[in-house]
Structure formats: structure tokens, C-alpha cells
Amino acid sequence: MKKHNKVDIKSNLYVESSLSVLHQVKLISNHYLNSEDDSKEEILLSIYGILQTLFVGVDALYDYVRALTKNKYLININQNERLHELKFIRNDVVGHPTSRIYSNNKVGFCRLNLETLTKDKISYETYILDNKTLNSTLVESKEVSIFDLVKAYLEEEAIILNQVALYLKKPYSDNIVNSILKLEEMYLNGQVIKDYIDDVIADAISYDTDQNKHQNRLIWRLELLKNAVDWKTNDNEINNLIDYIIQVQLQKVLEIALNLTGQYKKIRRIKVPYLLKEFYRAIKKNEPKITPLINHLHDNRHPFFYEDIKELEKVIDNYKALKVLDLLKSLDDEKRIYLLGSIIKQYNKGN
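Residues numbered from 1 in each chain as written. Predicted model: local features only at pLDDT ≥ 70, side-chain atom pairs only at ≥ 80, totals over all residues. Heavy atoms only, no water.

S.K.: Go over the overall build of the protein with me, naming the residues and quoting the values.
M.R.: Looking only at helices and strands, one finds 13 helices and four strands in the protein. In terms of overall dimensions, the protein is globule-like: its C-alpha atoms have a radius of gyration of 23 Å, near the 20 Å expected for 351 residues. With 351 residues in all, the protein has 48% of them scored as buried. A separation threshold of at least 6 residues defines the contact pool for the protein, and within that pool the share at least 24 residues apart is 66%. With 50 positive and 49 negative side-chain charges, the protein shows a spacing of 8 Å between the two charge centroids. (Helix = DSSP H or I, 4+ residues; strand = E, 2+ residues; numbered from the N terminus. Rg over C-alpha atoms; globule rule 2.2 N^0.38 Å. Buried < 20%, exposed > 50% of the residue type's maximum accessible area, 1.4 Å probe, protein only. Contact = heavy atoms within 4.5 Å. Lys, Arg positive; Asp, Glu negative; His and termini not counted. Charge placed at Lys NZ, Arg CZ, Asp CG, Glu CD.)

S.K.: Help me get a handle on the environment of Lys-121, residues and values and all.
M.R.: In this structure, Lys-121 sits in strand 3 (residues 121-129). A relative accessible area of 33% places Lys-121 in the partly exposed class. Once you skip the residues sitting within four places of it in the chain, Lys-121 turns out to touch Thr-116, Glu-143, Val-144 and Ser-145. A polar contact of 3.4 Å, which involves the side chain of Lys-121, links it to the side chain of Asp-120. (Polar contact = N/O pair within 3.5 Å; in protein donor to acceptor, adjacent residues only side chain to side chain.)

S.K.: Before we move on, can you summarise the pattern of salt bridges with the specific residues and values?
M.R.: For the structure shown, the criterion picks out 17 salt bridges. Two residues, Arg-66 and Asp-63, come together in a salt bridge whose shortest N-O distance is 3.1 Å. Linking Arg-66 with Asp-63, this pair stays in helix 2 (residues 40-69), spanning three residues, or about one helical turn. Residue classification places Arg-66 among the partly exposed positions, given a relative accessible area of 38%. (Salt bridge = Lys/Arg side-chain N within 4 Å of Asp/Glu carboxyl O.)

S.K.: Can you lay out helix 13 (residues 334-345) for me, pointing to particular residues and giving the numbers?
M.R.: Given a rise of 1.5 Å per residue, 12 residues ought to cover 16 Å, and the 16 Å separating the end C-alpha atoms of helix 13 matches this to within 8%. Taken across its 12 residues, helix 13 has nine buried, putting it largely inside the fold. Where helix 13 is concerned, the buried positions are Arg-336, Ile-337, Tyr-338, Leu-339, Leu-340, Gly-341, Ser-342, Ile-343 and Ile-344. One side-chain oxygen at the N-terminal end of helix 13 lies 2.8 Å from the backbone nitrogen of Lys-335; it belongs to Asp-333. (Expected span 1.5 Å × (residues − 1).)

S.K.: A description of the pairing of strand 2 (residues 107-112) should follow, citing residues and the corresponding values.
M.R.: As paired elements, strand 1 (residues 100-101) and strand 2 share two bridges and run antiparallel to each other. By the bridge assignment, Ile-101 is partnered in strand 2 with Val-107. Two strands pair when backbone bridges link them, and strand 2 and strand 3 are joined in this way by six bridges, in the antiparallel orientation. Counterpart to Gly-108 in the pairing with strand 3 is Ile-128. (Pairing = 2+ DSSP bridges.)

S.K.: Go over the sheet that holds strand 4 (residues 136-145), please, and point to the residues and values.
M.R.: Two modes of strand pairing occur in sheets, parallel and antiparallel, and in both the strands are linked by backbone hydrogen bonds. Taking strand neighbours across the sheet as the criterion, the four strands line up as 1-2-3-4 in an open arrangement whose pairing is antiparallel. Among the strands making up the open sheet, the edge pair consists of strand 1 and strand 4. Of the strands in this sheet, strand 3 and strand 4 touch helix 4 (residues 146-167), which is tilted by about 65 degrees from strand 4. (Axes fitted to C-alpha atoms, helices over the stretch in contact; angles between N-to-C directions.)

S.K.: Before we move on, could you go through the packing of aromatic side chains and cite the residues and values that matter?
M.R.: Any pair of aromatic rings gets described here by the distance separating the centres and the angle formed by the planes. Under the defined criterion, the tally for this structure stands at five aromatic pairs. The interplanar angle of 10 degrees and the centroid separation of 5.3 Å between the aromatic rings of Phe-109 and Tyr-127 together place this pair among those described as stacked. With Phe-109 in strand 2 and Tyr-127 in strand 3, this residue pair connects regions lying 18 residues apart in the sequence. Residue classification places Phe-109 among the buried residues on the basis of a relative accessible area of 18%. Residue class for Tyr-127 comes out buried when judged on its relative accessible area of 13%. (Phe/Tyr/Trp six-rings, centres within 6.5 Å; stacked < 30°, edge-to-face > 60°.)

S.K.: I'd love a proper account of the confidence of the model for the protein, names of residues and values included.
M.R.: When the pLDDT values of the protein are averaged, the result is 87; 91% of them are 70 or greater. Within the protein, helix 13 carries the highest mean pLDDT (96), whereas strand 1 carries the lowest (76). (pLDDT = per-residue confidence, 0-100.)

S.K.: Please give an account of the nonpolar core that cites residues and values.
M.R.: Counting 104 residues, the largest nonpolar core has Leu-51, Leu-218 and Leu-340 as its most contacted members. Counting residues per element, this core draws most heavily on helix 8 (residues 236-261), which supplies 14 residues. If sequence neighbours within four positions are ignored, Leu-340 has contacts with Trp-231, Leu-241, Ile-245, Val-324, Leu-327, Leu-328 and Leu-331. (Core = buried A, V, L, I, M, F, W, Y, C linked by side-chain atoms within 4.5 Å.)

S.K.: Lay out unusual backbone geometry with the relevant residues and their values.
M.R.: Its identity is not glycine, yet Lys-70 carries a phi of approximately 65 degrees, on the positive side. As for its placement among the helices and strands, Lys-70 is situated in the loop between helix 2 and helix 3 (81-95). Under the relative-accessibility criterion, Lys-70 is labelled exposed at 56%.

S.K.: Tell me what's going on with the pairing of strand 3, and back it up with residues and numbers.
M.R.: Taken together, the nine bridges between strand 3 and strand 4 define a ladder with antiparallel strand orientation. The residue bridging Ile-128 from the neighbouring strand is Thr-137, located in strand 4. Taken together, strand 3 and the strand that follows it, strand 4, pair antiparallel across an intervening segment of six residues, in which Leu-134 is found at a positive phi of about 65 degrees.

This is the structure we're talking about:
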């Protein structure tokens, strides 16, 4: 009798289970889009069901990708604007509508508007409750097209399944690691690397992913890098911070390439710039209050991105650390917000 590798068996079970769930999600989604029942009770039941279904579908997609590729580099749901909102909408409406704890330790709750409820459109309001005064503050009023959300999920699922099929044909060049090492060497030697980044993207894969590149994390990281190398200011301290961000992204790209091609190389240590050290020092002085407030600083679409910045401004008294926050507040480019917010998030007690 042929012996099976335990890892392979586990992976096969994950693949089969994930595909089964994805099939169920598609059945439910198509039924939702085509159902004509418009009674209030059925609509409510359907909305609760479809939001949870899509949430489960996203989990199944991640598990499917990880089971087949041993990583999650081919899936990047947060880059889909509609699906990025899914977790917030689901948590607000059906996940934790009456008692949701936010990063500033306040309790939030949601009110679904039953008067305007239809099978396609829902509207709701999110409030924060002040535990001391018991006053509630309206944070957000939102209208959501459930049909658009379902269609966005089905389109994204097709893209991801196609990406995985292409990946299994081994489209990645083993030379990609050398290309990225050359890119890093060029940058550290003071050379202009923006145009060469496009050559690295072309060298990374052997098929056209122009329309689907937001899902490919290697290409997404290289696009972030292109954005960062164009980022210039008249402030030397901020430019040093940007230089650190660029070097971090170069290493992130290298780590992904090494994993994808099954290679190993020791990653060099990057010196933390002065402004970031000051920010970390400010965190360390008041970790219990500050660490919960830095978790969403990479995502300006998060409902409490600006709320968390306001809370941070109240508890941070280091003017150099506040300079970093001021920079974050001044940005309107989502990529740069991600680049800066993600290095703030990487704080740990060892810094």
C-alpha cells in the first residue's frame, strides 16, 4: 500500500474542504442575487445570511490558497475596495451590532434602518458609547449595496482561483531573487531604481497579470516600492524615515521572492531612523494606552483610523513622535499611508 505524506493529506483535506465551502458560497450568492422574495422578514434573514456567507467565503479562499501554495501571496482581499469593507459591514450589522469593542476601549453599536431596507440596499448608523457619561456619538452613516458586494466577491474569487492555477504551473522565475538583490544593491549605491522596478516585475512572472496584479502580493509590494522611491520632502528627518521605508519594502519583496522560489538568504538589519525611534520611545512610555491605537494606522479606510490618531495625540507628549503623526495625517495617498502606518505598527517591546 502506498504511504501518504501526512502534510499532503492535510493539504488535500484543506483543499477539498475549502472548495466545498466555496461551492456552497457560490450557490447561496447566486440564489440571493436571483431570489424575488421581498418580504421584510425574508430580506432580513437573507441579509444576515449573505453577509456571514461572504465572510466565510473569504476565509475559505485564504485557506485554499495557503493549502496549495504554502503561503498567502496570491491573495490580497484588502486591495479590493468593496471586499475590504466587508469585514466592517459584517461586524457592524450581524457580527457585533450591540456591543463591539473598538481600539480606544469604547463600546460601539449599530442601528440598521428597517424603513429603507431592501434586498439590494441597506443603510445603518454606527455609534460609540462613552462609558463615563453614557452619551452616544454618531461615528458613521453608511449605505451599502449588497448586490455589488456579492458581485465583487464572485469576481474576486474567479481572479484568485485563476491566479492559483497559473501559480501551479510555476510561473515564477528563479532569477527573481537575484533581480531583487540587484535592485537593493542599486538603491544602497544611490542609483535611481524606479525604471528597474518595472523590469523586476516583468522578470517575476511569465504571464500577463496587468488586470489582476492587485492580488499578487509580490507585484503589489513592488508597486508600493515604486511609490516610495518617488516620495520626497524638504525635511531631512522625514526623508530619513522614507529611506527606511524604502529599505523595509525592499526586504519585504526579497522575503516573498525567497519563499516563492524556495530559497534562503539571511536578511540584513536596517538601522531604525531617529523619528521612528522617538515614536517607539513614546509608545514604550505608555504601552497599555498606545499599543491598541496603532493597529489600524496603515489603513485610512478603517472606520476608526482618524479616531485613533486623535486618541494618540491626546496621550503622546513627544513632539518628534507627534511629527510622525502629523505626517500621517497630512497624507492623502493610500499607498503612502500604508507604508508609514505599517512601520509604526511593527513596534514591539524590543524596540
